[in-house]
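Spelled out, the chains give:
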Amino acid sequence: MPDNTAFLEKVKKQGYLEDIYDARDVTEVVFRTMRDLMNTEASDRVESELRKNDDSVPTPAEEQQQEIADLWKDTNPIVSFLSRIRPPLNFDADTFLFRIRQEASLPKGVSPETVVKAIFSATKDELSQERVNEVAEFLPPKIQQMWQQA
């Protein structure tokens, strides 16, 4: 079972980021942008699969796995609450990538497309095919294509 470090190392390497802290920060922005497009139920299913928790006492590897799911959850309690009660947002691929560019503090020379593909690839490795397909349904066409190619 991959751990959070392996997940972030993959994002770092494929996204051409300097360290895993950059990978974590960018992942949180991409995940927030994805969640904004999804309904609450679908977002909860993704979190559940990322957590892979069966309510038993977690092993160290399972604890690290839960940290990946924690990246999916919004750390701001107000934003988290509001996102649960509002309908999914509807925006296009340009807005998706603009948000990543503006909010993620990408290193010079690293495109939003590059980091998004890296995060998509690492995330898809953690999800069932059913969940991968469900996530794709919420993404704008160009972003959906990036998701499928990752």
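Scroll up for the structure.
Rules behind the numbers
Residues numbered from 1 in each chain as written. Predicted model: local features only at pLDDT ≥ 70, side-chain atom pairs only at ≥ 80, totals over all residues. Heavy atoms only, no water. Helix = DSSP H or I, 4+ residues; strand = E, 2+ residues; numbered from the N terminus. Buried < 20%, exposed > 50% of the residue type's maximum accessible area, 1.4 Å probe, protein only. Areas by Shrake-Rupley, 256 points an atom, 1.4 Å probe, with all protein chains shown as cover. Phe/Tyr/Trp six-rings, centres within 6.5 Å; stacked < 30°, edge-to-face > 60°. Lys NZ or Arg CZ within 6 Å of the ring centre and 35° of its normal. Expected span 1.5 Å × (residues − 1). Polar contact = N/O pair within 3.5 Å; in protein donor to acceptor, adjacent residues only side chain to side chain. Contact = heavy atoms within 4.5 Å. 1 Å grid on protein atoms, 1.4 Å probe; cavity = no way out; pocket = protein on both sides within 12 Å on 5 of 7 lines; lining within 4 Å. Points joined across faces, edges and corners; volume = space filled by probe spheres on them. Nonpolar A, V, L, I, M, F, W, Y, C, P; charged D, E, K, R; others polar.

> Account for the overall build of the chain, naming residues and giving values.
The secondary structure content of the chain amounts to nine helices and zero strands. The order of α-helices and β-strands along the chain, N terminus first, is α-α-α-α-α-α-α-α-α. For the chain, the proportion of its 150 residues judged to be buried stands at 43%. Working note: accessible area of the chain is about 8000 Å², and carbon and sulfur atoms make up 49% of it.

> Please provide a residue-by-residue account of the packing of aromatic side chains, values included.
Scanning the entire structure with this criterion turns up four aromatic pairs. Consider the rings of Phe7 and Phe31, whose centres lie 6.4 Å apart with planes at 50°: the pair is tilted. In this pair, Phe7 sits in helix α1 (residues 4–15) while Phe31 sits in helix α2 (residues 20–37), placing the two residues 24 residues apart along the sequence. Judged by its relative accessible area of 2%, Phe7 falls in the buried class. According to the relative accessible area criterion, Phe31 is buried, its value standing at 0%. Through successive ring pairs, a cluster of aromatic residues spans Phe7, Phe31 and Trp72. A cation sits over an aromatic face here: Arg35 above Trp72, 6.0 Å from the ring centre.

> Account for α2, naming residues and giving values.
With 18 residues, α2 should cover 26 Å at 1.5 Å per step; its first-to-last C-alpha distance of 26 Å lies within 8% of that length. All of the buried residues in α2 are Ala23, Val26, Thr27, Val29, Val30, Phe31, Thr33, Met34, Arg35, Asp36 and Leu37. Between a side-chain oxygen at the N-terminus of α2 and the backbone nitrogen of Tyr21 the separation is 2.9 Å; the capping residue is Asp19.

> Could you give an account of the environment of Ala93, with specific residues and numbers?
Summarising the element assignment, Ala93 is placed in helix α6 (residues 93–103). A residue is classified by how much of its surface remains accessible, and Ala93, at 8% relative accessible area, is buried. Along the primary structure Ala93 and Lys142 are separated by 49 residues, whereas in three dimensions their C-alpha atoms are 5.8 Å apart. Look past the residues within four positions of Ala93 in its chain and what remains in contact with it is Pro140, Lys142 and Ile143.

> Let's hear about the layout of surface pockets: which residues, and what values?
Each pocket or cavity is described by its volume, and for the largest pocket that value is around 270 Å³. Lining the largest pocket are 18 residues, and of these Arg35, Ser43, Ser80, Ser83 and Arg84 lie nearest its centre. Ranked by residues supplied to the lining of the largest pocket, first place goes to helix α5 (residues 77–85) with five residues. For the lining of the largest pocket, the per-class residue count stands at four nonpolar, five polar and nine charged.

Nothing here speaks to function; it is all geometry.
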